[in-house]
Each structure stands twice: as C-alpha cells, then as structure tokens.
Amino acid sequence: MAGVKQARDGAVGILTLDEPASLNAMTPDLLGALASAVGEMTRDEDVRALILTGAGRGFCSGQNLKASEALGEDIAAGVMRFYWPAFKALRECRVPVVVAVNGVAAGGGFSLAMAGDIIVAARSASFIQVFSRIALVPDLGSTWLLPRLIGRQRALELMLLNEPLTAEHADEIGLVRQVVDDARLMEEALALARRLADGPTRALVATRQLVEESEHETYEAQFRREIELQATIRKSADAVEGRNAFVEKRKARFTGR
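The residue numbers shown here count from 1 along each chain, following its written sequence. Reporting of local features is limited, given that this is a predicted model, to residues whose pLDDT is at least 70; pairs of side-chain atoms are given and counted only at 80 or more, and all residues count toward the totals for whole chains, interfaces and linings. Water and hydrogen atoms were dropped before computing side-chain values, which therefore reflect all heavy atoms in the structure.

The name recorded for the chain in an unreviewed UniProt entry is Enoyl-CoA hydratase, from Bradyrhizobium daqingense.

Draft legend 1. Representation of the nonpolar core within the structure. Working definition of a nonpolar core: buried Ala, Val, Leu, Ile, Met, Phe, Trp, Tyr and Cys residues. They are joined through side-chain atoms within 4.5 Å. For each residue, the accessible area found with a 1.4 Å probe, counting protein chains only, is set against the maximum for its type, and the residue is called buried under 20%, exposed over 50%, and partly exposed in between. Judged by nonpolar contacts, the single largest core of 53 residues is most densely connected at L34, F127 and L175. The element best represented in this core is helix 1 (residues 28–42), accounting for eight residues. Any two residues having at least one pair of non-hydrogen atoms within 4.5 Å are treated as being in contact. Once residues lying within four places of it in the same chain are set aside, the contact partners of F127 are V101, A105, F110, I119, A121, E163, P164, L165, A170, L175 and V176. Core analysis: the second largest hydrophobic core is formed by 16 residues, V98, A122, L190 and A193 among them. Helical segments are the DSSP runs of H or I of at least four residues, strand segments are the runs of E of at least two, and each set is numbered from the N terminus.

Draft legend 2. The arrangement of the domain arrangement of the chain in detail. On domain assignment, one finds that the chain holds domain 1 (3–198) and domain 2 (201–248). Domain boundaries shown here were taken from an automatic or database domain assignment. A separation of 27 Å is found between the C-alpha centroids of domain 1 and domain 2. Each partner contributes to the interface: domain 1 provides 13 residues, whereas domain 2 provides seven residues. Throughout, buried area stands for the accessible area (probe radius 1.4 Å) lost by two parts on being put together, summed over both. Summing both sides of the interface, domain 1 and domain 2 together bury roughly 810 Å²; the carbon and sulfur share of this comes to 43%. On the domain 1 side of the contact with domain 2, R91, W144 and R148 bury the most area, a combined 44% of that side's loss. Mapped onto the side of domain 1 that touches domain 2, the elements with two or more residues apiece are helix 3 (84–91) and helix 5 (142–150).

Draft legend 3. Looking closely at the side chain of R208. One can find R208 in helix 9 (residues 201–214). Since its relative accessible area comes to 13%, R208 is described here as buried. Here R208 is in contact with L90, R91, E92, C93, V95, P96, V97 and D117, once residues within four sequence places are set aside.

Draft legend 4. Spotlight on the sheet that holds strand 1 (residues 4–9). Spatial strand order, 1-2-3-4-6-9: six strands in an open sheet with mixed pairing. Either end of the sheet is taken by a strand with one partner, and the two such strands are strand 1 and strand 9 (178–180). With direction set aside, neighbouring strand axes in the sheet form an average angle of 20°. Note: strand 1 against strand 2 (residues 12–17), six bridges, orientation antiparallel. When the bridges of strand 2 are listed, Q6 appears paired with L15. Axis definition: a line fitted to C-alpha atoms, limited for helices to the stretch in contact. Angles are taken between N-to-C directions and run from 0 to 180 degrees. Sitting on the sheet, helix 1 touches strand 1, strand 2 and strand 3 (49–54), and the angle it makes with strand 1 is about 25°. We call two strands paired when DSSP finds no fewer than two bridges between them.

Given below as structure tokens:
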C-alpha cells in the first residue's frame, strides 16, 4: 500500500509510515493508507497487537504543507475526512497499539504518536509541538491527548514555548514507556507487542475503553460502568481460561477470544 508498509511477526502486525524523504510528513494519501492498513491488518483475528513506526530518520514530521491544498477550502472538513479516520482507527483499534518513535515526532506527528496505547522511543527521538512557532494552535487531538498523558502545566509548557522534548525527558515525565538505543528500537517494541499479543485481547482493549470513558464520568458512574463491562468480559473464553488457570495453579493460555 502506497505510503504504509505492512509486515507480520507472528501475532504482531507492523505498520511503517514509508515516506522517508519527507520524514513521513502527513498527506491525505499517507493518512488514508494508514487507516486502511489498520483495518486490513486487524481483520485477521490472528493479529493481536500492532506496532506503528516510521521509516528512515524520523517518525513523522507533521503536516506536509505542500499537500495542504488537497484538504480543500474547508480545512476542518478536509481534516475530518482525510485525517480523522487514521487517528480513530488507532484510538479504537481492536488490539493494543505500540508506537515505536524513531527520530522526530513534530506537530501532527506528535499527535499521531499519542494516538496509540504505549510509546517506546529511540534515543534519537524528539517531540515538539511547533504550532505556536507559526502562530497556530495545536491540532489533531494534541490538546485532548497531551494533558491527559503528562498533566496540564507540562502540556501547556510544551505547547506555548515550543521547546523540543528529548527522549530522555519524555521518559522522565511519563510520555513514553522506555527509551532504548536506536538499533534496539524494533527489538524492544516487538518484545512489548508480543507480550500484549499473548494477553487477553478483549480485556486489554476494554480496559483502554474504560480509561477513555473515565475522563468524562463521575466516580460513581465509572464505578458502575466498570462492573457493567466486567459482566460482559467475564463471559469471554479468555476470562474462563484465566479463572481455570488460577484455580489449577498454571500459566493462562489466552487466545484473544
């Protein structure tokens, strides 16, 4: 597929943004290809985790300004038509999503990295909001995602001052799970994705769903919502296997069902 490479490592699907000459800058074609690739790969029930990464020296340098005209005169409608499906596909993916950030994640590329579930960063990785430098506001979900990951003050600091965030600093403030040498980025991302792929997929994704919903609910409402979803999940094959394994004092063998 143009712009996005697809590969498999057992139960792990690997999606690579593949426009390295532009540091994988966003275009309608690239984001459309990503949305399609997520759908294609996760239609296979044997795929139980995804990795998203970038080819070349960067993860994603943000919007490709040369392609901005393709969004049309109504920018909001263009972005929702061409860009939102990819972000939605990642955010609502039926399997956990690990994002392996190599090099720069700037502007919308920063937003894209946050759309997954867990970020692993190469030592060369850097994150920058960049928007206020050109008198714009953050977009593509940054103002929703970033404060929830690192808190209001730190998010505003990055957005207002446009100071690059190194991989090590991103680790210190909880934006990424871990920082690894560049040569080991995919090795570590795969190890994490395989661990997630071996888990109870429905329960893991339902956990993500509850965390998303909790941002808008009261304590009491979320308390009830957890139990309602639990009543459904506990009937799954993996939940039955988990209980049996506990009683039989053995390691559970989950199938994602």
